[in-house]
Amino acid sequence: MLIKDILEIKADNRELSASGWARTKRDMKNLVFVEVNDGSCFAGIQCAFDKAMLDAKTETALSRLTAGASVRVRGRLVTSPASGQSVEIAGEELVIIGSAGADDYPLQKKHHSLEFLREIAHLRARTNTFGAVARVRSRLAFAVNRFFEENGFFLVHTPIITANDAEGAGAMFQVTTLDLAALAKSAAPPVWSRDFFAKRCYLTVSGQLEAETYAAALSRVYTFGPTFRAENSNTVRHLAEFWMIEPEMAFAELPDLMALAEDFLKYLFRDALEKSGDDLAFFDQRVQKGVIENLQNVADSKFAHITYTDAINELQKSKVDFEFKPVWGCDLQTEHERYLTENIASGPVIVTDYPKEIKAFYMKLNGDDKTVRAMDVLVPRLGEIIGGSQREENLQTLERRMAELGMNAKDYSWYLDLRRYGTVPHSGFGLGFERLVQYVTGMANIRDVIPYPRAAGQADF
Ligand code: 4AD
Ligand code: MG
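Residues numbered from 1 in each chain as written. Chains lettered and ligands numbered in written order. Predicted model: local features only at pLDDT ≥ 70, side-chain atom pairs only at ≥ 80, totals over all residues. Heavy atoms only, no water.

Trainee: What is the right way to read the overall build of the protein from this model?
Mentor: Per the secondary structure count, the protein includes 14 helices and 16 strands. Principal-axis analysis of the C-alpha atoms gives the protein an extent of 85 × 60 × 45 Å. Counting the 461 residues in the protein, one finds 49% classified as buried. By sequence separation, contacts in the protein at least 24 residues apart represent 67% of the contacts at least 6 residues apart. Here the protein has roughly 22,400 Å² of accessible surface; of this, 52% comes from carbon and sulfur atoms. If you average the places of the 54 positive and of the 63 negative side-chain charges in the protein, the two averages end up 3 Å apart. (Helix = DSSP H or I, 4+ residues; strand = E, 2+ residues; numbered from the N terminus. Buried < 20%, exposed > 50% of the residue type's maximum accessible area, 1.4 Å probe, protein only. Contact = heavy atoms within 4.5 Å. Areas by Shrake-Rupley, 256 points an atom, 1.4 Å probe, with all protein chains shown as cover. Lys, Arg positive; Asp, Glu negative; His and termini not counted. Charge placed at Lys NZ, Arg CZ, Asp CG, Glu CD.)

As structure tokens, this is what we get:
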């Protein structure tokens, strides 16, 4: 039986067995206490063995037991005299399934730094913190799918290998089967037509362009998959491999998209509050004080809206001495995002209508010919959690924009076809899944909310 199910039962002296990993053993005068955790929920179960009643096998097993060993315990479910738990197992039998070694098990009871745990990422899910992150992450993924299912969106699996740079940022990992060592020795340039896909290919930075094609058929779709960016940014908010959720809606303009983003985030926060109470209580106490209250407040709030131009004005009016001076045309820096969420909006804020120069080619151009119908959702502590836009649905405008940016229209003929045949206003956004998990748990570093982080210089496990 899973420990989470055992903990739901009233102590009725029934006989049961539990399996898991021993967290601690305390050897007292008459009793041996073993705390067993199976990861099914935050709490483990306390098992108390009466020394006077032990059979010889269990006595030996208990004497050899060390933290980290996997065990099976059999006993009766009784009311716990200890505080903080309602039931415990009055143990009758303990079997060691796999021992752990008293001295070399890396997760001894003492406190470990997150940096150290990153080096043993294959074992860190056995700690309170990383077990809780993994459970919250899984529940959030389910909530994402449920939200879209309830709102008429279909899940579309978009390709991971692609020939196009959707975001135009150029930070892509190339995929090739050409012999790089041979190429390095040769004076001739690589012949991409001889490569595996007969052209230059990359790991995708976004499933958006392909998602748009399905939105132009099914009206509402979303993708939820891994994306890759070869930016060498060593920050607590960037990964080289991260998961992104990208809804795309046909017959929808920017205000519809802003409403969707707000509803979506609130749904996810409410779901976490409801389903991950025990794990969130831990984060609230030990990781980020006030994280529960913050999620509740945001779930009950109305998101603020501000245009990029107004945001720059507010930043310029402020007396803050920013490291990067806010000027119209510059990208918002983390310090600017913080000021907007913490000082201007006191909560989440949706910034819209950015200069076209700092946004991707596909965004719908405003009448001023200077700004595009983009939106970023910024949240306190983290900054940008969602980025999206209304898409340019006018063929001529989009072709003109691509030409301005030096893009080859032939490479995007399929994308332009959507504007040729039955074009419609449509809009979509991307939510970085790890940023969401960071925000919900309060974990400071994005590398601690994905099991095996990939970042520049880091691809272990
Ligand atoms: O703003 P971005 O680059 O937008 C897109 O990729 C669009 N195609 C989305 C769309 O309109 N369908 O990325 C979207 C989100 C960001 O707001 C951020 O949450 C996350 O993806 N993100 C990253 N998360 C972790 N590591 C990185 N290197 C990230 N880059 C973006
Ligand atoms: Mg962005």
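Trainee: Where do I start with the nonpolar core in this structure?
Mentor: Burial of nonpolar side chains together is a common tendency in soluble globular proteins. Ranked by internal contacts, the top residues of the largest apolar core, which has 85 residues, are Met 375 and Leu 431. Among the elements that make up this core, the one with the highest residue count is helix H7 (residues 254-275) (twelve residues). Setting aside anything within four residues of it in sequence, one finds Met 375 in contact with Leu 254, Leu 257, Met 258, Ala 261, Ile 350, Val 351, Thr 352, Ile 386, Gly 387, Gly 388, Ser 389 and Phe 429. Ranked by size, the runner-up nonpolar core spans 33 residues in total, among them Ala 166, Ala 311, Val 372 and Leu 395. (Core = buried A, V, L, I, M, F, W, Y, C linked by side-chain atoms within 4.5 Å.)

Trainee: Can you walk me through the packing of H7 against helix H9 (residues 291-300) in this structure?
Mentor: The geometry of H7 relative to H9 is characterised by a closest axis approach of 9 Å and an angle of 140 degrees between their N-to-C directions. Compared by their axis directions, H7 and H9 come out oblique. When you trace H7 past H9, the crossing you get is left-handed. Taking contact as the criterion, the partners of Lys 266, Phe 269, Arg 270 and Leu 273 in H7 are, on H9, Ile 292, Leu 295, Gln 296, Val 298 and Ala 299. Class assignment of the residues belonging to the contact of H7 with H9 gives a composition of six nonpolar, one polar and two charged. (Axes fitted to C-alpha atoms, helices over the stretch in contact; angles between N-to-C directions. Parallel < 35°, antiparallel > 145°, perpendicular 65-115°, else oblique. Left-handed = near helix turned anticlockwise from the far one by under 90°. Nonpolar A, V, L, I, M, F, W, Y, C, P; charged D, E, K, R; others polar.)

Trainee: In this structure, what is going on with the sheet that holds strand S4 (residues 70-79)? I would like to understand it.
Mentor: Backbone hydrogen bonds hold the strands of a sheet together, and the pairing may be parallel or antiparallel. One closed barrel holds the five strands; their spatial order is S1-S2-S3-S5-S4, and the pairing between them is mixed. Going from strand to strand, the sheet's axes swing by 55 degrees on average, the running direction of each strand aside. Most of the contacts of helix H2 (residues 56-64) go to strand S5 (residues 87-98), to which it runs at about 80 degrees, and overall it touches strand S1 (15-27), strand S2 (31-37), strand S3 (45-50) and S5. (Pairing = 2+ DSSP bridges.)

Trainee: Explain the sheet that holds strand S7 (residues 161-162) here, please?
Mentor: Pairing within the open sheet is antiparallel, and its three strands lie in the order S7-S9-S8. Where the open sheet ends on each side, the last strands, each with one partner, are S7 and strand S8 (174-175). In terms of strand pairing, S8 meets strand S9 (residues 201-203) through two bridges, oriented antiparallel. Looking at the pairing, Val 175 lines up with Cys 201 of S9.

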